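Analysis of the macromolecular model
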Amino acid sequence: MSLVVDILSAICLLTGSFLILSGVIGVIRFPDFYTRIHAAGITETLAASLILIGLMLIAGWGLVLFKLILILLFILFTSPTASHALGKAAWKSGLKPHGLVNKHDED
Amino acid sequence: MNNMFLIVTTITLLVVMALALIRAFAGPTVFDRVLAGNLFGTKVVLLIAVMGFLTGRPDFLDVALTYALINFISVIGILRFVEITRKSSPKEQS
Amino acid sequence: MSMDAVDVAFTEAAVGAGISPLLMLATLAIVGRYQKTSATLPSPAAAFILVFITGSLLIVGTLDMPAFGAADAPAQLHVAPRYIHLSGEEIGIPNMVTSVLASYRAYDTLGEVVVIFTAGIGVLSLLGFSNSQNNAYFIDKIIAQDEHKILRIVAKILIPPILLFSLYVQFHGDFGPGGGFQAGVIFAAAIILYTLFFGLEVARKVINQTFIRVLASLGVLLYGSVGLVSLLSGKNYLDYHVFADDPQTAQHIGILVIELGVGITVACVMMLIFFSFIENIKQEEVR
């Protein structure tokens, strides 16, 4: 039983690590802001959840598990919200996606 | 056995944070920098949690929780600041 | 991590990473991005030389200090062993940092609280007492311009748990990392989040300005009067043994009351400073 839990947590941790790595490579390599926020925002939530779930499986029952769940809930709420706020603010400031003309002087 | 995977996760997180810093310095617009900063902050939360397990001190989870909260507030604050500077002096463009 | 200082990390995460960048941004928003060029700027070379001299003097000073973690350093020999070995019996609190902070070193902590209070008074006297009742803050105009509906709903969901968490930190300081300073900052952070979403006008209605001014001073007063009570009962200032017969229970009561005072003052002063910064953001004149 404990071996199964160990293997599950290892799978979660490794998948999470792979996802954040791919996300940050996307943030570095993609051509403009909107594609970058796509790469970051999508991988971030799932990767953070996976890593935290991996930690939860190690932790077992107790206060630590509860705190991990709190952190997970918090990240699930804030991370997409922050991405949304960022994208909206960028759009309102007149930043156009890659391929369109970058109009800075509309206000 | 478990420790090995924790160490792997820690190293990945550190690498990712370094790469996010590159974007934060290079980013052509303010929003790129804020995005990289947000990414960095989330990774810090995860790093604190993982390191807490690695050193066997789950006390650090409180710090991680505080950091998650503060990270969100900072992003919102910076966005408000960008709005304020844009509205108050329309000639300046970041 | 290597020094095992969870409490310091906690404070640093809350204050260093959260509140101070926000205040810096608010300052930038107030003063604008560029310095007004004056005719007589001191030459940068002189400033550089000054910084260089000070820096090298400080580095020379550190050469005299004992090596990092050395067992014969004065910090390890003087009072630390007593704190480490006896605080369990004398105070009865698992978190040693709290017992040092709130009981052995209660004078220092009182000083810190007074410093924070003084900083709040300083900021208020510079910025806060401009009672121009125009009732239309610039930041409210900006917030009214686009309603972040999603953000508002998320904030409504998040703020109550944050407030609850700050109370947990406040009263959990005996057992784990936490205490009045951190709890106060987290509480203030929740209110700041609320202000950023709903505007200063609304936040002022929720948090009455006069009320938190009074509360900020009440926190310090609470701390100080704990000392006065023990002084009047014939013990030393801030000696908690007057509160109960059992010394450990007495210490518990004393530390609880003192941390409450610290938390109230820190939270109120942080909110006061933030409010008075935010209300001073104005439309920048076109140069």
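A brief look at the structure comes next. Everything quoted here is computed from the prediction, not taken from an experiment.

1. Things to note about the packing of helix α1 (residues 2-29) of chain A against helix α2 (residues 33-59) of chain A
All names here are of chain A.
- Contact geometry of α1 with α2 gives a least axis separation of 8 Å together with a crossing angle of 160 degrees. For the element pair α1 / α2, the angle class is roughly antiparallel. As α1 packs across α2, the resulting crossing turns out to be left-handed.
- Taken together, the residues of the contact of α1 with α2 break down into 16 nonpolar, nine polar and one charged.

2. Looking at helix α12 (residues 247-278) of chain C
- An ideal rise of 1.5 Å per residue puts 46 Å on 32 residues; α12 of chain C measures up with 46 Å between its terminal C-alpha atoms.
- By the criterion of burial, α12 of chain C is predominantly enclosed, with 23 of the 32 residues buried.

3. Thoughts on the interface of chain A and chain B
- Taken together, the contact between chain A and chain B spans 42 residues of the former and 43 residues of the latter.
- Roughly 4000 Å² is buried in total at the junction of chain A and chain B, and carbon and sulfur atoms are behind 78% of that figure.
- The interface formed by chain A and chain B holds three salt bridges in total.
- Here Asp32 of chain B and Arg36 of chain A are joined by a salt bridge, their closest N and O atoms 2.6 Å apart.
- Where chain A meets chain B, there are five residue pairs in polar contact (both at pLDDT 80 or more).
- Of all elements in the fold, only α1, α2 and α3 (63-92) of chain A reach the threshold of two or more residues within the side of chain A that touches chain B.
- Tallied by class, the residues present in the side of chain A that touches chain B amount to 30 nonpolar, six polar and six charged.

4. Notes on the side chain of Thr12 of chain B
- Relative to the elements of secondary structure, Thr12 of chain B occurs in helix α1 (residues 2-26).
- Separated by 2.6 Å, the side chain of Thr12 of chain B and the backbone oxygen of Val8 of chain B make a polar contact.

Cut-offs applied
Residues numbered from 1 in each chain as written. Chains lettered and ligands numbered in written order. Predicted model: local features only at pLDDT ≥ 70, side-chain atom pairs only at ≥ 80, totals over all residues. Heavy atoms only, no water. Axes fitted to C-alpha atoms, helices over the stretch in contact; angles between N-to-C directions. Helix = DSSP H or I, 4+ residues; strand = E, 2+ residues; numbered from the N terminus. Parallel < 35°, antiparallel > 145°, perpendicular 65-115°, else oblique. Left-handed = near helix turned anticlockwise from the far one by under 90°. Nonpolar A, V, L, I, M, F, W, Y, C, P; charged D, E, K, R; others polar. Expected span 1.5 Å × (residues − 1). Buried < 20%, exposed > 50% of the residue type's maximum accessible area, 1.4 Å probe, protein only. Contact = heavy atoms within 4.5 Å. Buried area = accessible area lost by both parts, 1.4 Å probe. Salt bridge = Lys/Arg side-chain N within 4 Å of Asp/Glu carboxyl O. Polar contact = N/O pair within 3.5 Å; in protein donor to acceptor, adjacent residues only side chain to side chain.

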